[in-house]
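# Examining the three-dimensional arrangement
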Amino acid sequence: MTTSSPGRGVLSQADWRKPATGTGWRITHVLLLAGLLLAGLGPLLWTFKAAVSSTADLLGDPLTLWPSQARWENFTDAWTTLEIRHYLLNTVVLVAGSWLTQLLVATTAGYALSVIRPWYGRYVYGAFLVTLFVPATVTLVALYLTILDLPGLNVSIANTPLAVWLPAGAHAFNILLAKQFFDAIPRELFEAARVDGAGAWIVFRRIVLPMSAPILAVISLFAVMNAWKDFLWPLIAITDPRAQPIAVALPRLAQAADPALLVAGLLIATIPPLLIFLIFQRHIVRGIGFTGLKG
């Protein structure tokens, strides 16, 4: 019986040494890598080129590799003329609140389902799973009526950050991610803490959270990315133009703004989430590995 060596791929070492086979596969690898780079970096590079172009260059020859004269002042003009700084601040406020709400709900609900395990936990877990199959657009009307008149309080939170923050917490996928990660923590740690007299809150704060940095990074990434690019719900919940995030404001500004300045604003809006991913990518990849996500 023959065994394959660790790390062996589709081709053996002997196949790679064959000129025809090895050369063909190397060319395929180069073409695939070039295609991935073009698909991934192409839109970003074009956006950068368009952001430093004049309106005449952008409309006259949009596919040129570089404008005839770079206009770096487009960024400062977009920052002031289009008030990108104001809408970017609105976005940061909404994203920060949504992130904190999702993180709080995901960790506490995941901890309750995984560690505390109440008798009705299986039914709550099943309800979370069911919501994953319900399209978000189906609940928009009911959600809007809810923020117009909060049940039991008879107050409206429309046109306030709470209208975006509170619904963000109802994210079943993040709860399931947290539960799956907490399930992998050895139960002996919880039992030892209970023997020492630690309550549920102490176990959560001193044992679970310090060990959960990878999954917290993953949930934070999902929360920030979803909140940053969300368009439909902020458009419905926040009708005041001055309070809208940049994802909602830019399409509205496109009706009258200079196209070159508009693209510069789009590039400015793209930079923060890219920086977040680049800074925390190691923790994010590690956390995804712990969750067992594929693809």
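This one's a predicted model, so the numbers in the text were calculated from it and none came from an experiment. (Residues numbered from 1 in each chain as written. Predicted model: local features only at pLDDT ≥ 70, side-chain atom pairs only at ≥ 80, totals over all residues. Heavy atoms only, no water.)

## Observations concerning the side chain of Asn74
Position of Asn74 relative to the elements: it lies in helix 4 (residues 73–81). Judged by its relative accessible area of 2%, Asn74 falls in the buried class. When near neighbours in sequence (up to four residues on either side) are disregarded, Asn74 contacts Ala51, Val52, Ser53, Ala260, Leu261 and Ala264. (Helix = DSSP H or I, 4+ residues; strand = E, 2+ residues; numbered from the N terminus. Buried < 20%, exposed > 50% of the residue type's maximum accessible area, 1.4 Å probe, protein only. Contact = heavy atoms within 4.5 Å.)

## Considerations on the confidence of the model for the protein
Summarising the model, the protein shows a mean pLDDT of 84, and 88% of its residues fall at 70 or more. Within the protein, the lowest mean pLDDT, 64, falls on helix 1 (residues 13–17), and the highest, 93, falls on helix 5 (residues 84–116). Note that residues 1–7 has pLDDT below 50 and, in this model, 0 contacts with residues that lie over four places away or in other chains. (pLDDT = per-residue confidence, 0-100.)

## Re a nonpolar patch on the surface
A surface patch of nonpolar side chains, about 540 Å² in accessible area, is lined by Leu33, Leu37, Leu41, Leu44, Leu45 and Leu274. Secondary-structure assignment places Leu33 in helix 2 (residues 19–51). (Patch = residues over 30% accessible without salt bridge, like charges linked within 9 Å, V, L, I, M, F, W, Y side chains within 5 Å. Areas by Shrake-Rupley, 256 points an atom, 1.4 Å probe, with all protein chains shown as cover. Salt bridge = Lys/Arg side-chain N within 4 Å of Asp/Glu carboxyl O.)

## Quick notes on the layout of surface pockets
Size it by volume and the largest pocket reaches roughly 960 Å³. Surrounding the largest pocket, 27 residues form its lining, Ala136, Pro167, Ala168, Ala170 and His171 being those nearest its centre. Only helix 5, helix 6 (121–131), helix 7 (140–148), helix 8 (162–168), helix 9 (172–183), helix 12 (213–229) and helix 13 (232–237) provide two or more residues apiece to the lining of the largest pocket. Tallied by class, the residues present in the lining of the largest pocket amount to 19 nonpolar, 7 polar and 1 charged. (1 Å grid on protein atoms, 1.4 Å probe; cavity = no way out; pocket = protein on both sides within 12 Å on 5 of 7 lines; lining within 4 Å. Points joined across faces, edges and corners; volume = space filled by probe spheres on them. Nonpolar A, V, L, I, M, F, W, Y, C, P; charged D, E, K, R; others polar.)

## Things to note about the nonpolar core
If you look at the biggest cluster of nonpolar residues, it comprises 24 residues, and the most contacted ones within it are Ala78, Leu82, Ile84, Ile246 and Leu250. Looking at this core, the elements that each hand over two or more residues are helix 2, helix 5, helix 12, helix 14 (246–253) and helix 15 (259–291). It is helix 15 that provides the largest number of residues to this core, a total of 7 residues. The contact partners of Leu82, leaving out residues within four places of it in the chain, are Asp77, Tyr87, Leu253, Ala257, Leu261 and Leu262. Listed in part, the 22 residues of the second largest apolar core include Val115, Leu177, Ile185 and Ile219. (Core = buried A, V, L, I, M, F, W, Y, C linked by side-chain atoms within 4.5 Å.)

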